[in-house]
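Each chain is listed here by its residues.
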Amino acid sequence: MPRRQQLSFRLPSVMKIVLAFTVGLFLFAGAAQAQIPSLGGASSTSGANVSASAEPSLDDLIKILENDASRKKLVESLKAAAYQAPGAAPGVAAPAEPAAVIRSLPGQIADYTRGAIGAVTDSIQDIPATWDAAVGMLAGARSINLPNIVEAILPVALVAVVVFIMLFGCRRLEARIFRRLAHGAEHASPLHKLLNLVLSAIVDVVAVTLSWASGFLAAAILLGGKPGINQALFLNAFLLIEMIKVALSAFVAPNFPQLRLTPFSNRQASYWYFWISRLVSILGYTFLFVAPIVQQSSSLAAADAVRMIVVLFSTALTIGLILKNRGTVRERLKRAKHRGDRSFRAQVNALIGQVWWILAIVFVLSLFGVWLRSPETGFTYMTTATLKSIAAMAVGGLVVSVLSRVIASGIPIPQGAKDRLPLLERRVNSFIPNALIVIRTLVVIVVVAVILEAWSLVSVSGWVARPIGQEFVGSLIGAGLILAIGAAIYIAVSSWIEYRLNPNFGKVPTARERTLLSLFRNAFTITMVVVIAMLVLSQIGIDIAPLLAGAGVVGLAIGFGAQKFVQDIITGAFIQIQNAMNEGDVVELNGVSGVVEQLTVRSVGIRSLDGTWYLIPFSSVEKVANFSKDFAYYVADVGVAYRENIDDVKQMMFDAFDELKASDVGENLISGFDMWGVNELGDSAVVVRGRVMTKPSTQWGVGRAYREIVKRMADERGIEIPFPHMTVWFGEDRGGKAPPIRLRSDSGRSAEKTIAGERAEVTDGRSDGGSRHGTYDDSGHPIPPSDNDLDSAGGGRG
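This one's a predicted model, so the numbers in the text were calculated from it and none came from an experiment.

## Concerning the overall build of the protein
Looking only at helices and strands, one finds 27 helices and 8 strands in the protein. Per-residue burial over the protein gives 35% buried out of 798 residues. When contacts within the protein are restricted to residue pairs at least 6 apart in sequence, long-range pairs at least 24 apart make up 70% of them. Summed over its atoms, the accessible surface of the protein is roughly 46100 Å², and 64% of this surface lies on carbon and sulfur atoms.

Okay, here's the thing in structure tokens:
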């Protein structure tokens, strides 16, 4: 008995080391001996000398260790004793040096390493004893009494038939429900698919429960009362095994791939579900039903022999499955690396792919050895830890898979919301996936923590129960909530600004509103970033008071060193307060004219007529010429020859204005034509001036259209518009006569006809289109003036 218990403490330590390598945290491998193995090692050194009278004390120790409260008290007392020197009298303080060695990190690593090596050595030395125990258990097969076993199982057969018939019928009925759920989840979002998967699992649980209840009802009817012990054993085994299968089916979804959230192909899902469910059935019905009946009908040795045969078969089958699929799993884990992924995750997966089958076989063999030497303590511990690890990995893998699908597909936005807020979907999908990546990382950390906790490698729950753990977790949750709330506020405010700037919904924003809303969005974003950063730093325990003081000093230094930048901001603020310009206005700054496309707190962006984009800091702006402020004037200066009648010229200008009002630019006219009369007696022309008020930014288009009409009417009415003339001198001979000029009239006429025809074709084939004489472009934005427009009549205003 002592030897059997000693082995039960050593073999779990080997499994802890193996699992630590499996999860990639090999630095904690030495911690395996920090729990029960140390006691096991101590007992093994004196196990041969332990008498029968010592067994009750060892049982008491086992009970203490199995109870959480008593075990914690024992650990605390041992920690307190660790600070006393060996052999020291009670009440005498231990020297400082040994305590420092024990508490230091190198000392702990050395202690863990020594314990791990010792546990592995002891386990290797116990292999002959393990082999002897296996042979001894197989010897019990001689005492199996088949007639008694058959007699005990026959009353259960009818109950089993009823249960499985009921289960078969329920599965046929639930298949229709599953098909509907699968059809609804085929093109659904990951969350909708997860909901359908949960509903399918609930339906499966109901089917198993109904089958189990029908078995109890059949047993009660057959026995005329309560079911017998054998029927109860079978029904309980059936319920537990089928519930495990339901969880496995929900994880891999072998029959309905539309509901599958894990990255398994149809073949892989069906393959692994088939073999794992068979192993669960074989081991479950053997340990929970067959072995107890064999023990009742034959003997304990016979029951142990049955368990041994089934466990040997299951172990061999599991190892065979591992060896058969080692290449498939290896290629699956190395797929990312083969595709060129050089990330840390891909490298780790590739490394695990090379050795996973070795670790898996070692784990299976260790589990077999632990069960063989200590089925009541060590095997229970390992089984519980294994099931916790599998459950944590299954749940974590499901959550990670759902989050990965949501990250890949994004968050869909309804079409109505997208019409009102075109940038909402892009903005939401720039925040939500990043947040889900953080949550996915936290899920992986929690899964690893649960596995380490299950194998007693790290006491995560104990650390969380301490004040430092509670403070860390609380700070982490608080920082996450602050970031989430900040992101939600930013999305809400940005979406509201976007809605106000959308001319297709609600009130059309004015240029002033567009400018102020854009500036407010920039200022709000900067303010939110600063405030959220300060709150997060404060939440995680960083004192922000020195940061604020340091920021003040740095700001003062930057203020002295960046006076130009401060001047830009101050000048820009006053320009905006005075409403000197807005987005979409046509302005002239520092000799650059164009349309204002961007306004920030320190600069303005202007697009000129030739498409050049200028960025002008406000500190360099001495004056602002805004051609789009409230209204504009087109000043019409028409130059005619001195011989023309001024009244005829004025009438022509009025007639041209009347025709202008009826044209496509007439809607841009605000007032009538204001005739000023003769404005200048030039060197070669008499300039007659008139003026008309137009809508802002349309004066240049109106001027182009008006000049076209004036030119045509002047040609029709014979009014000369003077232009520079050139005299060509051909020279003269000695007698003072000029040489004759040779002209070919026929070719000249044909040339004139050809030129006139080409002009007609050009005139007929071209039109002003939608630009309205260069007033607006195709997208409706104002076309900025050229230098000729600004320098034409009216002192730069026409």
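## Side note on the sheet that holds strand E1 (residues 586–589)
Spatially, the 5 strands line up as an open sheet ordered E4-E3-E2-E1-E5, and their pairing is antiparallel. This sheet does not close on itself; its edge strands, each paired only once, are strand E4 (613–617) and strand E5 (624–626). Across the sheet, the mean angle from the axis of one strand to that of its neighbour is 40°, orientation sign disregarded. Alignment of strand E2 (residues 592–599) against strand E3 (residues 603–607), held across 4 bridges, turns out to be antiparallel. When the bridges of E3 are listed, leucine 599 appears paired with valine 604.

## Some thoughts on the pattern of salt bridges
In total, this model carries 14 salt bridges according to the counting rule given. With its nearest N and O atoms 3.6 Å apart, the salt bridge here joins glutamate 242 to lysine 245. Taken together, the residues span about one helical turn, with glutamate 242 and lysine 245 both in helix H10 (residues 229–252) at a distance of 3 residues. Taking the relative accessible area as the measure of exposure, glutamate 242 reaches 5% and is therefore buried. Since its relative accessible area comes to 15%, lysine 245 is described here as buried. Measuring nitrogen to oxygen at the nearest pair gives 3.2 Å for the salt bridge that ties glutamate 597 to arginine 607. Of this pair, glutamate 597 sits in strand E2 while arginine 607 sits in strand E3, placing them 10 residues apart in sequence.

## Digging into the packing of aromatic side chains
Overall, the coordinates contain 20 aromatic pairs when judged by the stated rule. Centroid distance phenylalanine 234 to phenylalanine 238: 6.5 Å. Interplanar angle 25°. Geometry classified as stacked. Taken together, the positions of phenylalanine 234 and phenylalanine 238, both in helix H10 and 4 residues apart, correspond to about one turn of that helix. Residues phenylalanine 234 and phenylalanine 238 agree in their burial class; the two are buried. Here a set of aromatic residues connected by ring pairs shows up, and it is made of Phe164, Phe234, Phe238, Tyr285 and Phe289. For arginine 267, the ring lying beneath its charged end belongs to tyrosine 271, and the centroid distance is 5.8 Å.

## So, unusual backbone geometry
In this model, aspartate 630 sits at a positive phi of 70°, which is unusual for a non-glycine residue. Among the structural elements, aspartate 630 can be located in the loop between E5 and strand E6 (632–640). Taking the relative accessible area as the measure of exposure, aspartate 630 reaches 62% and is therefore exposed. At serine 697, a residue that is not glycine, the phi angle is positive and equals roughly 70°. Here serine 697 shows up in the loop between strand E8 (686–694) and helix H25 (699–717).

## A look at the sheet that holds strand E7 (residues 674–681)
A sheet is described by the order of its strands in space; here 3 strands give the open sequence E6-E8-E7, paired in antiparallel fashion. A strand with exactly one partner marks an edge of an open sheet, and here the two such strands are E6 and E7. Taken over all neighbouring pairs, the strand axes of this sheet differ in orientation by 25° on average, direction set aside. The pairing of E7 with E8 spans 6 bridges and is antiparallel. Bridging across to E8, methionine 675 finds its partner in glycine 690. This element, helix H24 (residues 646–661), spans E6, E7 and E8 of the sheet and lies at about 25° to E8. Sheet strands in contact with H25 are E6 and E8, and its direction is about 25° off that of E6.

## Observations concerning the nonpolar core
If you look at the biggest cluster of nonpolar residues, it comprises 25 residues, and the most contacted ones within it are Val649, Met652, Met653, Phe657, Leu660, Phe673 and Tyr706. Elements with a contribution of two residues or more to this core: E6, H24, E8 and H25. Tallying contributions element by element places H25 first for this core, with 7 residues. Leave out the neighbours within four places in its chain, and methionine 653 touches Ala636, Val638, Phe673, Met675, Val688, Arg689, Gly690 and Tyr706. Grouped together as the second largest cluster of nonpolar side chains are 17 residues, Ala152, Val159, Val208 and Phe234 included.

## So, the packing of H10 against helix H11 (residues 266–297)
With their axes 10 Å apart at the nearest point, H10 and H11 run at an angle of 165° to one another. If you check the angle between H10 and H11, you find them roughly antiparallel. When the axes of H10 and H11 are compared, the crossing they make is right-handed. Partitioning the contact of H10 with H11 into residue classes produces 19 nonpolar, 6 polar and 2 charged.

## Side note on the packing of helix H12 (residues 300–324) against helix H15 (residues 344–373)
In a packed pair of helices, the relevant descriptors are the angle between the two axes and the axis-to-axis distance. Where H12 contacts H15, the axes come no closer than 10 Å and their chain directions differ by 175°. Between H12 and H15, the crossing angle belongs to the class labelled roughly antiparallel. Contact residues: Arg307, Met308, Val311, Leu312, Thr315, Thr318, Ile319, Ile322 and Leu323 in H12; Trp356, Trp357, Ala360, Ile361, Val364, Leu365, Phe368, Trp371 and Leu372 in H15.

## Some points on the pairing of E3
Counting buried positions over the 5 residues of E3 gives 4, a clear majority of the element. Once E2 ends, the chain turns through 3 residues before running back antiparallel as E3. Here E3 runs beside E4; their pairing, made up of 5 bridges, is antiparallel. In the sheet register, isoleucine 606 faces E4, and the bridge partner there is tyrosine 614. What sits between E3 and E4 in their antiparallel hairpin is a turn of 5 residues, with glycine 611 showing a positive phi close to 90°.

What counts and how
Residues numbered from 1 in each chain as written. Predicted model: local features only at pLDDT ≥ 70, side-chain atom pairs only at ≥ 80, totals over all residues. Heavy atoms only, no water. Helix = DSSP H or I, 4+ residues; strand = E, 2+ residues; numbered from the N terminus. Buried < 20%, exposed > 50% of the residue type's maximum accessible area, 1.4 Å probe, protein only. Contact = heavy atoms within 4.5 Å. Areas by Shrake-Rupley, 256 points an atom, 1.4 Å probe, with all protein chains shown as cover. Pairing = 2+ DSSP bridges. Axes fitted to C-alpha atoms, helices over the stretch in contact; angles between N-to-C directions. Salt bridge = Lys/Arg side-chain N within 4 Å of Asp/Glu carboxyl O. Phe/Tyr/Trp six-rings, centres within 6.5 Å; stacked < 30°, edge-to-face > 60°. Lys NZ or Arg CZ within 6 Å of the ring centre and 35° of its normal. Core = buried A, V, L, I, M, F, W, Y, C linked by side-chain atoms within 4.5 Å. Parallel < 35°, antiparallel > 145°, perpendicular 65-115°, else oblique. Left-handed = near helix turned anticlockwise from the far one by under 90°. Nonpolar A, V, L, I, M, F, W, Y, C, P; charged D, E, K, R; others polar.

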